[in-house]
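Descriptive analysis of the structure
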Amino acid sequence: MLEFWQSDVGRVALGGAIAVIGQLTATLVAWVKEARFAATKNRKDAEYLAMRLVLVLDTLVGACYSAVHDPLMQDSEGFLENTVSDPTLTLPADGDYKALPRSLMYEVLSMPNRLDGIKEGLAATAEDSFPPDYCEYYEYREEHWSKLGLKALDLIDALCHQYKIPRPERPEHYLPKESFRDVVAKIQEAQRERNERNAAIIAKLSASQPIPSA
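Since the structure is predicted, the reported quantities are computational estimates derived from the model, not experimental observations. (Residues numbered from 1 in each chain as written. Predicted model: local features only at pLDDT ≥ 70, side-chain atom pairs only at ≥ 80, totals over all residues. Heavy atoms only, no water.)

1. What about the packing of aromatic side chains?
Selection criterion: Aromatic pairs are defined between Phe, Tyr and Trp rings, using the six-membered ring for Trp, whenever the two ring centres lie within 6.5 Å; interplanar angles under 30 degrees are classed as stacked, those over 60 as edge-to-face, and all others as tilted. Where helices and strands are cited, they refer to DSSP runs of H or I of at least four residues and of E of at least two residues respectively, numbered from the N terminus. Each residue gets one of three labels from its accessible area relative to the maximum for its type: buried under 20%, exposed over 50%, partly exposed in between, using a 1.4 Å probe on protein chains only.
Evaluated as defined, the whole model comprises four aromatic pairs. Ring geometry for Tyr-65 against Tyr-174: centres 5.0 Å apart, planes inclined by 90°, an arrangement best described as edge-to-face. Residue Tyr-65 is found in helix α2 (residues 8–68), and its partner Tyr-174 is found in the loop between α5 (135–163) and α6 (176–208); the two are separated by 109 residues along the sequence. Residues Tyr-65 and Phe-180 carry aromatic rings whose centres are separated by 6.2 Å and whose planes lie at 65° to one another, so their mutual orientation is edge-to-face. Of this pair, Tyr-65 sits in helix α2 while Phe-180 sits in helix α6, and the two are 115 residues apart along the sequence. Here Tyr-65 falls in the partly exposed class, since its relative accessible area comes to 24%. Using a relative accessible area of 0% as the deciding quantity, one classes Phe-180 as buried. Members of the aromatic cluster, connected to one another through ring pairs, are Tyr-65, Tyr-174 and Phe-180.

2. Let's talk about the nonpolar core
Using the following cut-off: Among buried residues, those of type Ala, Val, Leu, Ile, Met, Phe, Trp, Tyr and Cys that are joined through side-chain atoms within 4.5 Å constitute a nonpolar core. Contacts are assigned to residue pairs that have any heavy atoms within 4.5 Å of one another.
Leu-53, Leu-57, Leu-60, Met-111, Trp-145, Leu-148 and Leu-159 are the most contacted members of the largest nonpolar core, which totals 39 residues. Mapped by element, the contributors of at least two residues to this core are α2, α3 (102–109), α4 (111–127), α5 and α6. Looking at this core, the element that brings in the most residues is α5, giving 13 residues. Among residues more than four places away in sequence, those in contact with Leu-53 are Leu-91, Pro-92, Tyr-97, Leu-100, Val-108 and Leu-159.

3. What about the side chain of Ser-146?
Tracing the backbone shows Ser-146 in helix α5. Since its relative accessible area comes to 0%, Ser-146 is described here as buried. Non-local contacts of Ser-146, meaning those with residues more than four positions away in its chain, are made with Val-68, Phe-180, Val-183 and Val-184.

4. Remarks on the environment of Lys-119
Note on placement: Lys-119 falls in helix α4. On the basis of relative accessible area, Lys-119 is assigned to the partly exposed category, the value being 33%. Taking the C-alpha atoms as reference points, Lys-119 and Arg-141, separated by 22 residues in sequence, lie 8.9 Å from one another. Excluding its chain neighbours within four sequence positions, the residues that come into contact with Lys-119 are Asp-86, Pro-87, Thr-88 and Trp-145.

5. Section: unusual backbone geometry
The residue after Pro-131, namely Pro-132, is reached through a cis peptide bond having omega 5°. A positive phi angle, near 50°, is found at Tyr-134, a position not held by glycine. For Tyr-134, the location among the structural elements is in the loop between α4 and α5. Although it is not a glycine, Lys-164 sits at a positive phi angle of roughly 55°. The exposure class assigned to Lys-164 is exposed, which follows from its relative accessible area of 68%.

6. Brief notes about α5
Heads up, the rule is: Working rule for helices: expected span equals 1.5 Å times residues minus one.
Counted at 1.5 Å a residue, the expected span for α5 with its 29 residues is 42 Å, and the 42 Å between its end C-alpha atoms agrees. Looking one or two residues beyond α5, the residue adopting positive phi is Lys-164, at roughly 55°.

7. A word on the pattern of salt bridges
Let me state the cut-off plainly: The salt bridge criterion pairs a side-chain nitrogen of Lys or Arg with a carboxyl oxygen of Asp or Glu, the two atoms within 4 Å.
Counted under the stated rule, the structure contains 13 salt bridges. For Arg-141, the salt bridge identified is with Asp-70, shortest N-O distance 3.1 Å. Of this pair, Arg-141 sits in helix α5 while Asp-70 sits in the loop between α2 and β1 (73–74); the two residues are 71 residues apart in sequence, bridging distant segments of the chain. One salt-bridge network, held together by shared partners, links Asp-70, Asp-86 and Arg-141.

8. Description of the packing of α3 against α5
Put simply, the test is: Whenever a helix is involved, its axis is fitted only over the stretch in contact; in every case the axis is a line through C-alpha atoms, and angles between N-to-C directions fall within 0 to 180 degrees. Each crossing gets its hand from how the near helix is turned against the far one by less than a right angle, where anticlockwise is left-handed and clockwise is right-handed. Gly falls in the polar group here, along with every residue not listed as nonpolar (Ala, Val, Leu, Ile, Met, Phe, Trp, Tyr, Cys, Pro) or charged (Asp, Glu, Lys, Arg).
In the contact formed by α3 and α5, the axes pass within 11 Å of each other and the chain directions differ by 145°. Pair α3 / α5 crosses with left-handed handedness. Contacts between α3 and α5 involve Leu-104, Glu-107 and Val-108 from the former and Lys-151, Leu-155, Ala-158, Leu-159 and Gln-162 from the latter. Tallied by class, the residues present in the contact of α3 with α5 amount to five nonpolar, one polar and two charged.

9. Observations regarding α4
Basically, it comes down to this: Here the arc refers to the directions that run from the helix axis out to each C-beta atom.
Taking 1.5 Å of rise per residue, the 17 residues of α4 would be expected to cover 24 Å, and the 25 Å separating its terminal C-alpha atoms lies within 8% of that figure. Every buried residue belonging to α4 is among Met-111, Leu-115, Ile-118, Gly-121, Leu-122 and Thr-125, and all of these are buried. Viewed along the axis of α4, the buried residues span an arc of 120°, placing them on a single side of the element. Those residues of α4 that are exposed and angled more than 90 degrees off the buried face are Asn-113, Glu-120 and Glu-127.

Here it is as structure tokens:
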């Protein structure tokens, strides 16, 4: 075998092999550099998008908080009406959402649909809510804007954790997560008590009905 590599044919073959290996190595190095560059760019694009989303979602949290704690007011006829507009949400249109992890991408992109669903629910509830207080409407409003605010806070936490982004700074006494949770718990307890009262009334009425004779 050594004699072969020492021959003219062997030297030519060895030179060719070295040339091929050199070309393959250069191609591999270039591919690795390109892959690393692409991965770094994707990471930076995702981090930039995440920062923008945190700011947008934190604005949504503030809007939900304002709507939930709307002081309301009476109009000239004594009917309750909003003093705070319902929240809106516009996600960055130029963001590369494919750079986000799959689960985060879905949750973020579904937020506008969640918001639209709440507005549709408000419109439907308004038809079954009666003046002057429109209790059903404003209960639905407080509950569901609180739930959307909690969802936005969860997404902010997930984005900040995923991309090592500092969490938004808030005033000392501004505690949206605790406030939203308290509101939801209060409303759900009121709904439970109301359902129990209604069930008791129905049971009482049913018991008072005469049993038809055979």
